[in-house]
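Spelled out from the first residue to the last, the chains are:
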Amino acid sequence: MALVTMKKLLEQASKERRGVGAFSVGNMEMVKGAVQAAEEMNTPIILQIAEVRLPHSPLALMGPMMVQAAKEAKVDVAVHLDHGLTVETVKKALELGFTSVMFDSSNYSFEENIERTKEVAEIAKGYGATVEAELGLVGGSEDGSEDHGIRCTDPEDAKVFCERTGIDALAVAIGNAHGNYPVAPTLAFDVLKEIEKRTEVPLVLHGGSGITDDDFRRAISLGIVKVNIATASFNQLTKRAEEYFQTEGAHNYFKLNEAMVQGTYENVRHHIEVFNCR
């Protein structure tokens, strides 16, 4: 189909009351596995990479590969910078052809978050790109190196934030956290309901790995449109690679490549089924 904006995918999914999977990738194998699953399910997806992952997966290498994979895919695919931390990185992603960026100033005060987000929104809109931001504190950092706690998004603040920043999507904190959950999360669906009532933009659930399928479906029914999946894909890829090295005989890169593609494919396909509310 085509490389498209994330806004297009979210608007369509919102009408159909389903979720769009935003799958983090870190190498060629993950890109291939994610697109393969999307094509087989005939479902649009978002390919994304977070700024904290760039030391292992440089943007100058990953960006063009993600964009080209989207252009050649048989379904619509958006390419998204997740948790952009600097204006410089946001600009680089936009120049590489990313159709969406998330700028994360959630650690700053409410007013600072608004002002920093507005600046990035104006830059991104100049490229015709979709803009996502975060309000409240989703537990843990994207790379698992920090634990800054969880602070649920205030519904009234969410309304003001969306109106003043002009963003296209809002990541909310409702008890969700990045990385592996030590215990099953308890999502504040009552908070989500109130946020959905007060805002008009699609809502985003970060820290999706570890949330139950039923909770995903319930969150989608209450206004979540984009769901981020990272840890589960990295874990499944690692599992399949480990299993390959446990097989007898000589090992080589090409079989390892296939194992990593398969691991990503399995995880992405499963979540697409769930987000389609099947």
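Because the structure is a prediction, the values reported are computed rather than measured. (Residues numbered from 1 in each chain as written. Predicted model: local features only at pLDDT ≥ 70, side-chain atom pairs only at ≥ 80, totals over all residues. Heavy atoms only, no water.)

**So, the pairing of strand E8 (residues 224–229)**
Most of E8 sits out of view: 6 of its 6 residues are buried. Across 4 bridges, the pairing between strand E1 (residues 20–24) and E8 is parallel. When the bridges of E8 are listed, Gly21 appears paired with Val227. Of the crossover connections in this fold, the one passing from strand E7 (residues 203–205) over helix H8 (residues 213–221) to the parallel E8 is right-handed. (Buried < 20%, exposed > 50% of the residue type's maximum accessible area, 1.4 Å probe, protein only. Helix = DSSP H or I, 4+ residues; strand = E, 2+ residues; numbered from the N terminus. Pairing = 2+ DSSP bridges. Right-handed = clockwise from strand over helix to strand, strands pointing away.)

**So, the packing of helix H4 (residues 87–95) against helix H5 (residues 110–125)**
For the pair H4 and H5, interaxial distance at closest approach is 10 Å and the crossing angle is 15 degrees. Relative to H5, H4 is oriented roughly parallel. The element H4 and its partner H5 pack so that their crossing is right-handed. The segment H4 lies against H5, with Val87, Val90, Lys91 and Leu94 engaging Glu119, Val120, Ile123 and Ala124. Partitioning the contact of H4 with H5 into residue classes produces 6 nonpolar, no polar and 2 charged. (Axes fitted to C-alpha atoms, helices over the stretch in contact; angles between N-to-C directions. Parallel < 35°, antiparallel > 145°, perpendicular 65-115°, else oblique. Left-handed = near helix turned anticlockwise from the far one by under 90°. Contact = heavy atoms within 4.5 Å. Nonpolar A, V, L, I, M, F, W, Y, C, P; charged D, E, K, R; others polar.)

**Considering the sheet that holds E8**
What the 8 strands build is a closed barrel, ordered E1-E2-E3-E4-E5-E6-E7-E8; its pairing is parallel. On average, each strand axis in the sheet is inclined to that of its neighbour by 25 degrees, with strand direction left out of account. Direction of pairing for strand E3 (residues 77–84) relative to strand E4 (residues 100–103): parallel, over a ladder of 3 bridges. Bridge pairing links His80 to Ser100 in E4. Contacting E1 and strand E2 (45–50), helix H2 (residues 28–41) runs over the sheet at an angle of about 160 degrees to E2. The sheet contacts of helix H10 (residues 253–275) involve E1, E2 and E8, and relative to E1 the element is tilted by about 160 degrees.

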